[in-house]
Amino acid sequence: MDTELFMINWAGPLDIPTENLDGSIVVMTKNQEKYQCILPESEEKRQENSKNYNGPTPDELMEALFTQSACSYRIESYWTYELCHSKYLRQYHETKEPGKKPKIQEYFLGYHERFLRDKNQNSDNSKSEGVETVQRVKSKKIDGIELPYYEVNMTDGTNCDLLNTPRRTRLLYVCQPDGHGEIYDMKESSTCEYEIMVLTAVLCSHPDFRPKNPPVNQIQCHAIESSPDKPKAVSNFESPSTSIRHHTTNEGIVKEDITLSDGDTINKVKVYRTPKATTPPTPALGPNTDKQILRDFLNGDYCLQGGTGWWKHEFCYNKHARQYHDGPEGRQVIYLGHWNFQKHLEWLQKNPSKRPKEKDSRKHISLLYTDGDICDLTGSKRITEVRLKCIPNEQHPHAVALYLMEPSPCHYILGIESPLFCSLLVKADDDGIFTLADVEGL
């Protein structure tokens with residue numbers, strides 16, 4: 001059996017009669033202070049509640065959500081997501097122009113089984129995969145807490161051009177007492193396949209769907225019979241006059257002798273800990289190495305890569321910006337833009353605010369990469385503004401961070417932040433262009 005850890009929280013008197021509390025005990029200190037402590041539900045108790053439960057099934061509980069007409073919405077910088085729980089999940093963007101009818105770009109990320117069945121009810125052979133009620137309740141760890149979930153699969157969405165298959169989505173409904181079916185988290189788990197976590201209160205009455213306690217459980221202790229909010233010994237322990245003496249053993253383990261402000265020593269508490277390892281700063285590679293890295297970068301031989309999601313990003317100066325994914329079937333690549341000096345100059349002429357600022361106030365420069373792969377949303381080639389930004393970091397002078405934003409369909413901003421650019425930015429000309437001679441002058 002796994003060991004359960006507990007942490008005690010001390011508080012003032014309860015607002016409800018103590019006789020109405022289940023799973024509580026009364027404790028008394030050596031100073032005759034009394035407290036009512038509410039114990040968290042143990043794993044054994046959870047299993048017992050699950051075994052004895054004879055209420056509605058998860059499917060029956062979810063009916064309350066599936067039969068409501070209201071949809072849930074999640075609004076992001078460009079896209080809006082509409083989740084109609086027994087119908088579909090839709091991704092759309094609405095463009096409004098004065099005096100014109102609004103234009104809507106939309107993609108359906110999947111349909112509910114009921115919606116597909118109703119849509120094809122006149123077909124004798126209509127059958128589609130959809131809701132999948134898992135017999136064994138599965139869970140997902142979020143912020144250290146195991147969250148059991150009810151899974152629904154939405155299928156047959158808008159066709160995905162990359163895979164030539166319909167989009168599909170896994171909906172994970174989790175218990176949240178004040179949840180109303182809102183989208184808590186969403187990600188593209190693989191190309192054109194999505195995973196959405198949804199909060200709902202309808203599952204909370206079922207013991208199998210209550211969040212499992214974290215490894216350290218909270219025990220709430222409340223003062224009773226005019227006792228102080230905290231025991232005297234605890235208050236003394238937390239006081240500034242508490243002294244801690246450290247002794248390091250031959251094994252490198254620190255032993256702490258804790259002495260309270262009144263002079264009493266806690267003999268029954270042994271505190272042992274291993275000193276935390278410190279991460280040494282990245283050693284400086286020297287100016288010659290820095291120059292060589294910048295030479296290779298400006299030649300396009302040293303490409304910057306980053307990203308933590310499904311897609312990784314790569315930027316090769318004077319060559320291209322692209323995103324890629326390495327999978328079992330090889331590498332998928334989408335070019336976000338190629339370097340074209342003339343088109344970059346035309347862009348600066350149309351957008352003078354994109355030109356580099358004065359050298360004493362310059363924090364970044366912008367470069368335009370055009371003629372990327374065709375965008376299935378617009379039918380046009382992808383375009384990317386690359387922003388090279390100086391981020392000082394003395395401990396890690398060669399660190400590089402990349403992030404990608406899409407303010408409009410297939411028009412990207414690729415941000416690249418690194419200490420490497422700090423000495424280089426001031427060398428850029430009025431068009432934001434570097435040369436190898438700029439590196440030699442550093």
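Scroll up to find the structure.
Reading guide: rules and limits
- Residues numbered from 1 in each chain as written.
- Predicted model: local features only at pLDDT ≥ 70, side-chain atom pairs only at ≥ 80, totals over all residues.
- Heavy atoms only, no water.
- Helix = DSSP H or I, 4+ residues; strand = E, 2+ residues; numbered from the N terminus.
- Contact = heavy atoms within 4.5 Å.
- Areas by Shrake-Rupley, 256 points an atom, 1.4 Å probe, with all protein chains shown as cover.
- 1 Å grid on protein atoms, 1.4 Å probe; cavity = no way out; pocket = protein on both sides within 12 Å on 5 of 7 lines; lining within 4 Å.
- Points joined across faces, edges and corners; volume = space filled by probe spheres on them.
- Nonpolar A, V, L, I, M, F, W, Y, C, P; charged D, E, K, R; others polar.
- Pairing = 2+ DSSP bridges.
- Axes fitted to C-alpha atoms, helices over the stretch in contact; angles between N-to-C directions.
- Buried < 20%, exposed > 50% of the residue type's maximum accessible area, 1.4 Å probe, protein only.
- Arc of directions from axis to C-beta.
- Disulfide = S-S within 2.5 Å.
- Core = buried A, V, L, I, M, F, W, Y, C linked by side-chain atoms within 4.5 Å.
- Phe/Tyr/Trp six-rings, centres within 6.5 Å; stacked < 30°, edge-to-face > 60°.
- Lys NZ or Arg CZ within 6 Å of the ring centre and 35° of its normal.

Asker: Talk me through the overall build of the chain; I want residue IDs and the actual numbers.
Answerer: Scanning the chain from terminus to terminus reveals 7 helices and 26 strands. When contacts within the chain are restricted to residue pairs at least 6 apart in sequence, those whose partners lie at least 24 apart make up 53%. Accessible surface computed for the chain: about 26500 Å², of which carbon and sulfur atoms make up 49%.

Asker: Give me empty space enclosed by the protein: which residues, what numbers.
Answerer: Applying the stated criterion across every chain yields a total of 1 cavity of 30 Å³ or more. By volume, the largest cavity amounts to about 40 Å³. What lines the largest cavity is simply Ile293, Leu294, Phe297, Tyr302, Leu304, Val400, Ser418, Leu420 and Phe421. Top contributing element to the lining of the largest cavity by residue count: helix H5 (residues 287-299), with 3 residues. A breakdown of the residues in the lining of the largest cavity according to their chemical character gives 8 nonpolar, 1 polar and no charged.

Asker: Talk me through the sheet that holds strand S19 (residues 304-306); I want residue IDs and the actual numbers.
Answerer: Ordered by their spatial adjacency, 8 strands build an open sheet running S19-S20-S21-S22-S23-S24-S26-S25, and the pairing between neighbours is mixed. Looking along the sheet, the strands with just one partner apiece sit at the ends: S19 and strand S25 (401-408). Adjacent strand axes in the sheet meet at a mean angle of 25°, parallel and antiparallel pairs treated alike. The pairing of S19 with strand S20 (residues 312-316) spans 3 bridges and is classified as antiparallel. Paired with Leu304 across the bridge in S20 is Phe315.

Asker: Tell me about helix H6 (residues 341-350), and name the residues and values.
Answerer: Residues of H6 that are buried include every one of His344, Leu345, Trp347 and Leu348, and no others. Buried residues of H6, viewed axially, fall in a sector of 160°; they line one side. In H6, the exposed positions angled more than 90 degrees off the buried face are occupied by Gln349 and Lys350. Residues of H6 that are buried make contact with strand S22 (330-339), strand S23 (364-370) and strand S24 (383-390).

Asker: Mind laying out unusual backbone geometry, listing which residues take part and the relevant values?
Answerer: Located in the positive-phi region is Glu225, a residue other than glycine, with phi close to 55°. Relative to the assigned elements, Glu225 resides in the loop between strand S15 (216-224) and helix H4 (232-238). The backbone phi angle of Asp371 is positive, close to 60°, even though this residue is not glycine. Topologically, Asp371 is positioned in the loop between S23 and S24. Classification of Asp371 as partly exposed rests on a relative accessible area of 28%.

Asker: Which residues make up helix H2 (residues 58-66), and what are the values?
Answerer: Every buried residue of H2 is accounted for by Pro58, Leu61, Met62, Leu65 and Phe66. Down the axis of H2, the buried set is contained in an arc of 150°. They therefore lie on one face.

Asker: With reference to specific residues and values, describe the state of the cysteines.
Answerer: Should the sulfur atoms of two cysteines be covalently bonded, the bond is a disulfide. One pass over the structure, following the stated rule, counts 6 disulfides. One disulfide bridge connects Cys375 with Cys410, the sulfur atoms lying 2.0 Å from each other. Linking Cys375 and Cys410, the disulfide has an S-S dihedral of approximately 65° and is accordingly described as right-handed. Taken together, the residues Cys375 in the loop between S23 and S24 and Cys410 in the loop between S25 and strand S26 (411-418) connect sequence positions 35 residues apart. Between Cys390 and Cys422 runs a disulfide, and the two sulfur atoms are separated by 2.0 Å. Its S-S torsion of about 90° marks the bond between Cys390 and Cys422 as right-handed, since a negative value means left-handed. Linking Cys390 in strand S24 with Cys422 in the loop between S26 and helix H7 (436-440), this pair joins segments that are 32 residues apart in sequence.

Asker: Describe the nonpolar core, naming the residues involved and giving the relevant values.
Answerer: In this structure, Leu83, Tyr150, Leu171 and Tyr173 are the most contacted members of the largest nonpolar core, which totals 26 residues. Looking at this core, the elements with two or more residues in it are H2, strand S5 (80-84), strand S7 (103-111), strand S9 (145-154), strand S12 (168-175), strand S13 (180-190) and strand S14 (193-200). Setting aside residues up to four positions removed in sequence, Leu171 forms contacts with Leu83, Tyr150, Glu151, Val152, Met154, Ile196 and Val198. Formed by 25 residues, the second largest nonpolar core is a distinct cluster that contains Leu304, Leu424, Ala428 and Ile433.

Asker: Break down the environment of Cys37 for me, citing the residues and quoting the values.
Answerer: With respect to the helices, strands and loops of the structure, Cys37 is situated in strand S3 (residues 34-38). Taking the C-alpha atoms as reference points, Cys37 and His222, 185 residues apart in sequence, are found 6.3 Å from one another.

Asker: Can you explain the packing of aromatic side chains? Please cite residues and give values.
Answerer: One pass over the full model with this rule turns up 13 aromatic pairs. With centroids separated by 6.1 Å and ring planes inclined at 80°, the aromatic side chains of Tyr88 and Phe115 adopt a geometry described as edge-to-face. Of the two residues, Tyr88 sits in strand S6 (residues 88-95) while Phe115 sits in helix H3 (residues 113-119), which places them 27 residues apart along the sequence. Between Trp339 and Phe341 the ring centres are 6.5 Å apart and the planes differ by 45°, which places this aromatic pair in the tilted class. On the accessibility criterion, Trp339 (18% relative accessible area) is buried. Taking relative accessible area as the criterion, Phe341 reaches 39% and is therefore assigned partly exposed. Among the aromatic side chains, those forming a connected cluster through ring pairs are Phe297, Phe315, Tyr317, Trp339, Phe341, Tyr369, Phe421 and Phe434. In this structure, Arg90 packs its charged tip against the face of Tyr92, placed 4.0 Å from the ring centre. The aromatic ring of Tyr324 is capped on one face by Arg331, whose charged end is 4.1 Å from the ring centroid.

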